[in-house]
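Residue-level listing of the chains:
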Amino acid sequence: MGMSIILKKDSKTICRTMCPDPPADLPKDLNINSVISKKKTCSLSELPRFSLTPAPDSSHEKLEWGRFLSFLCKHDMVAIVNFEQCKLYILPPTIASTSSPVSVAYQIDNTCTVDTRARDCESGSHLAEECGGPNTSMARGPANGAVVCSSDLKFPSATAETCGGFQSHVTQDRFPEKNFIRVDPSYLKTLSQVHSGWIFGGIAELVDNSRDAKATKVDIFVETIKLKTSGKDVPMLSFIDDGQGMNHDEVMKMVSFGHKNPDKDDKDHIGRFGVGFKTGSMRLGKDVLVLTQTANSRSLAFLSQSLNEGKDNIEIPVVSYCRQGQCMEVDRNVQSEALAKYNLKAIKQFSPFNKYLIGEKAALFCGGTGTQIYIWNLDEWGSECCLEWHDGLKGGSSFHQGDIFIRSRRSRSRPGQVNQKVPLDYSLRAYLEVIFLIPRMKITVQGTLVKTRPLANFLTKTVIETGDILGKPFELILGFNQLEWERASCGIFLYWHGRLIEAYKRVGGMIYSADVGRGVIGVIDVTNIMDDPGGHVWVHNNKQGFQDCELYARLEQWLGRKADEYWDNNFDSLKLIRNSCVFKPDCEWVQCDKCRKWRILPPDFGSIKLPAQWFCYMEPFEGQCADPEQKMRQGVVTVSTIRSDYDCVPKDSHSKKTETFTNASDTDDKLIKSGDIRSPALKRLRKGLPRSEVRTPSISNQRKG
């Protein structure tokens, strides 16, 4: 008699085995997660063991078993199997053959970063819990910082004497007690303060995750749902994408409190710190449910302040299923059925979701992949929600589209900014239009499509400036935008890994005068500058600013010079007469609804002729989706007014200008200190119409140059 167990590696069967003395709850499939040197493992001699004897179903399995044991013996390796809270060590046999049995040592995983034990377990019962002794009633959570409920996992082969029961006396050198981090539920509220200054930063974190998951579309909307506890109808913010989805391990990584930075630097990947989901969702509301699906799995995760109220540690229920034919069954390889039932019961009790609503939401996947995030108990502003939403009017009017606003409608503070109308600061639609440097995803807000646009392609007569800081090259695109001129806005848009980090950043003379640089917009990708080869990045973990480092300081100074040169040299040649002329972009662009590539429209083709859905084969492009995407070419600038700041000379020099700034592609080798320069003489600036259009000159207004 015994138990039949299939031993696998990378989900491929090695051999069927028999276990004559299996521990309780040992799964029928054991998948090897890793193989390490035996020297790198801790002492395994004191751990309880069981044996596996080969029982191959075919000659191929018999051959694979022999190869597997030969590899372990030759390299003195140990194969490791992780499942639930347990870790199994398959030891190399003395003699490797196709019929040799192996010995397997096992223990409860003690690498979790969060202690899930009740506070009355801090005595000798800790050792019992570590080794799964007969007095153990709780088990460690997974080794990723996430906390789940206790399971019914048992290991009866261990005795009180060897595993440190309440009556045993175990020496510390055999089973040293370890310290584990306790996370109080109030920490969830602390996480929300990362985006306390701007709630759209929390929304951006969730949109970033959809982009990283290669989603082609994401829907953002607010709907009404009834709470079970109070019976009230409350708003619920929803995010639904069609990305790759997440398996169980990826879900556990998402709900863990931070993780290692990726070893590979992916320019198209935004996620970096492992905190975006927690900080973003907790800023938006107190409770969040994640429903995600891959081709072979489906998982539910519940991060809730309501569930954890009054507890000592944070509990995050997670339920994972695997596809069995056309049905989803509890995945017993990652959790026991009892643990899954407990977690699902907690989700139903503390959320508005029951099995019918969960099934209804799962049907939105339509058999495909993706992730759905639902947030309720939204952040409040006075007696109302911090967010305000409108569905818009039917009929396709561009002036009454659905949108989500920040209720206060306040503009963010920027040096030199006097205008209080900056829609990007309080309109989610306006923010999402330019959130990505090269937008690919379709984004809908309150059921209407957001017309995302590459900002640099929508400027009038642009100029491209190149620079280099500490050997790191970069490119700045400057241009004029009539709408921003009417709003009295200007500044630089800084993108990192294709995502907007800072908007309307005023540099140079823009900081000191609201009129300087009016309507001038710059676009720059600073990924190459702000990423360190060693893995360090100079971006705040809320992705709303940059750290105060030498690279950033030099970049600010360079941007100020280029923006001032642009303003000084070209403004007088452009007549800004309101209501009498229209400044169209250099080129009008359109995006294909299939390949999501941007195409240039001919000058004589008006964008008003385009249908609601446009594809590459349509006029005027009449091409194919496989055709390469077009890029902007350098143009001629015809915009600006008098500025100086860069027109400064050292105090010990008699020249009018330093030659340091004559080349557009040069960058200062060191920062210029304000105490080492003297400003040039003040200039008189004339305001009003050009002299050719007035009989008498307007009154001069003296300003600092």
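Predicted model, so just to flag it, every value in this text is computed and none were measured.

**Structural notes on the overall build of the protein**
In terms of helices and strands, the protein carries 13 helices and 32 strands. Burial statistics for the protein: of 705 residues in total, 50% are counted as buried. A separation threshold of at least 6 residues defines the contact pool for the protein, and within that pool the share at least 24 residues apart is 65%. Total accessible area on the protein is roughly 34,700 Å²; 51% of this is exposed by carbon and sulfur atoms.

**Examining the packing of aromatic side chains**
Taken as a whole, this structure holds 14 aromatic pairs when the rule is applied. A ring pair is formed by F302 and W376, whose centres lie 6.0 Å apart and whose planes are at 15°; its orientation type is stacked. In this pair, F302 is assigned in strand β12 (residues 297-304) and W376 in strand β15 (residues 370-378), connecting sequence segments 74 residues apart. Classification of F302 by relative accessible area gives buried; the value is 0%. For W376, a relative accessible area of 1% corresponds to the buried category. Here the aromatic rings of F353 and W376 are separated by 5.9 Å at their centres, their planes lie at 45°, and the arrangement is tilted.

**A short note on the environment of A514**
For A514, the location among the structural elements is in the loop between β25 (499-505) and β26 (520-525). Sequence separation between A514 and V418 is 96 residues; the distance between their C-alpha atoms is 6.3 Å. With sequence-adjacent residues up to four places away left out, A514 is seen in contact with G416, V418 and R506.

**With respect to the sheet that holds strand β22 (residues 460-469)**
Strand order across the open sheet formed by 5 strands is β22-β23-β26-β24-β25, with mixed pairing between neighbours. The open sheet is flanked by β22 and β25, the only strands paired with a single partner. Mean inter-strand twist for the sheet, computed between neighbouring axes without regard to direction, equals 20°. Where strand β24 (residues 491-496) meets β26, 5 bridges bridge the pair, whose relative direction is parallel. Note that in β26 the partner of Y495 across the bridge is D525. The sheet strands contacting helix α13 (residues 550-570) are β22, β23 (472-480), β24, β25 and β26, and the helix crosses β23 at an angle near 35°.

**Quick notes on the pairing of strand β7 (residues 86-90)**
For β7, the buried fraction is high: 5 of the 5 residues fall into the buried class. Every second residue of β7 is oriented toward a common face, with C86, L88 and I90 on one face and K87 and Y89 on the other, all of them buried. Pairing analysis gives 5 bridges linking strand β6 (residues 77-83) to β7, with the strands arranged antiparallel. From the neighbouring strand, N82 faces β7, where its bridge partner is K87.

**Quick notes on the pattern of salt bridges**
A full pass over the atoms with the stated rule returns 19 salt bridges. The shortest N-O distance in the salt bridge between K442 and D593 comes to 3.4 Å. Here the residue K442 occupies a position in strand β20 (residues 442-445), and D593 occupies one in the loop between β27 (588-591) and β28 (598-601), the gap between them amounting to 151 residues. Judged by relative accessible area, which is 22%, K442 ranks as partly exposed.

**A word on helix α6 (residues 248-255)**
Within α6, burial applies to H248, V251, M252, M254 and V255. Seen from one end, α6 has its buried residues packed into an arc of 160°, which puts them on one side. Residues of α6 that are buried sit in contact with α7 (276-284), β11 (285-293), β12 and β13 (318-324). Its side-chain oxygen 3.2 Å from the backbone nitrogen of D249, N247 forms the N-cap of α6.

**With respect to the confidence of the model for the protein**
For the protein, per-residue confidence averages 78 on the pLDDT scale, and 75% of positions sit at 70 or higher. Low pLDDT, under 50, characterises residues 110-175; the stretch is placed with 150 contacts to residues that sit more than four places away or in other chains. Per-residue pLDDT stays below 50 along residues 635-669; that stretch engages in 104 contacts with residues further than four places along the chain or on separate chains.

**Digging into the sheet that holds β11**
Read across the sheet, 9 strands follow the order β14-β13-β12-β11-β15-β10-β9-β20-β21 without closing on themselves; strand pairing throughout is mixed. Looking at which strands have only one partner, the edges of the open sheet turn out to be β14 (327-330) and β21 (448-449). Bridge count between strand β9 (residues 217-226) and strand β10 (residues 233-241): 9 bridges; the pairing is antiparallel. Bridged to I220 within β10 is F239. Packed on one face of the sheet, α7 meets β10, β11, β12 and β15 and runs near 130° to β11.

**A word on the pairing of β10**
For β10, a buried count of 8 out of 9 residues is recorded, marking the element as mostly surrounded by other parts of the structure. Connecting β9 to the antiparallel partner β10 that follows it, the hairpin turn spans 6 residues, and G231 within it adopts a positive phi of roughly 75°. Relative to β15, β10 runs antiparallel, the two sharing 5 bridges. When the bridges of β15 are listed, I240 appears paired with Q372.

**A short note on the packing of helix α5 (residues 200-212) against α7**
At a closest axis distance of 7 Å, the pairing of α5 and α7 adopts a crossing angle of 135°. Regarding the angle of α5 to α7, the classification is oblique. For the element pair α5 and α7, the recorded crossing hand is left-handed. Each of G202, I203, E205, L206 and N209 in α5 lies in contact with α7, whose residues at this interface are G276, F277, T279, G280 and L284.

**Digging into the nonpolar core**
In terms of nonpolar packing, the biggest core is built from 98 residues, with I220, L237, Y431, L432, F493 and L555 touching the most fellow members. Among the elements that take part in this core, α13 stands out by supplying 8 residues, more than any other.

**Focus on α13**
If you check α13, its first and last C-alpha atoms are 31 Å apart, about what 21 residues at 1.5 Å a residue would give, namely 30 Å. α13 sits mainly inside the fold: 16 of its 21 residues count as buried.

**Description of the side chain of N308**
As for its position among the elements, N308 is in the loop between β12 and β13. Among residues more than four places away in sequence, those in contact with N308 are P185, L188, N313, I314 and E315.

**What to know about unusual backbone geometry**
Trans is the common state for peptide bonds, and a negative phi is the common state for residues other than glycine. Cis rather than trans, the peptide bond between E619 and P620 has omega equal to 5°. With respect to the element layout, P620 can be found in the loop between β28 and β29 (649-650). A positive phi angle, close to 50°, is found at D76, a residue other than glycine. Mapped onto the secondary structure, D76 falls in the loop between α1 (59-75) and β6. Although it is not a glycine, C366 sits at a positive phi angle of roughly 55°. Mapped onto the elements of the fold, C366 is located in the loop between α9 (355-362) and β15.

**A few points about the state of the cysteines**
For the structure shown, the criterion picks out 0 disulfides. C625 forms no disulfide, and the closest cysteine sulfur to it belongs to C595, at a distance of 3.8 Å. Taking relative accessible area as the criterion, C625 reaches 25% and is therefore assigned partly exposed.

Here is what the cut-offs are and how they apply
Residues numbered from 1 in each chain as written. Predicted model: local features only at pLDDT ≥ 70, side-chain atom pairs only at ≥ 80, totals over all residues. Heavy atoms only, no water. Helix = DSSP H or I, 4+ residues; strand = E, 2+ residues; numbered from the N terminus. Buried < 20%, exposed > 50% of the residue type's maximum accessible area, 1.4 Å probe, protein only. Contact = heavy atoms within 4.5 Å. Areas by Shrake-Rupley, 256 points an atom, 1.4 Å probe, with all protein chains shown as cover. Phe/Tyr/Trp six-rings, centres within 6.5 Å; stacked < 30°, edge-to-face > 60°. Pairing = 2+ DSSP bridges. Axes fitted to C-alpha atoms, helices over the stretch in contact; angles between N-to-C directions. Salt bridge = Lys/Arg side-chain N within 4 Å of Asp/Glu carboxyl O. Arc of directions from axis to C-beta. Polar contact = N/O pair within 3.5 Å; in protein donor to acceptor, adjacent residues only side chain to side chain. pLDDT = per-residue confidence, 0-100. Parallel < 35°, antiparallel > 145°, perpendicular 65-115°, else oblique. Left-handed = near helix turned anticlockwise from the far one by under 90°. Core = buried A, V, L, I, M, F, W, Y, C linked by side-chain atoms within 4.5 Å. Expected span 1.5 Å × (residues − 1). Disulfide = S-S within 2.5 Å.

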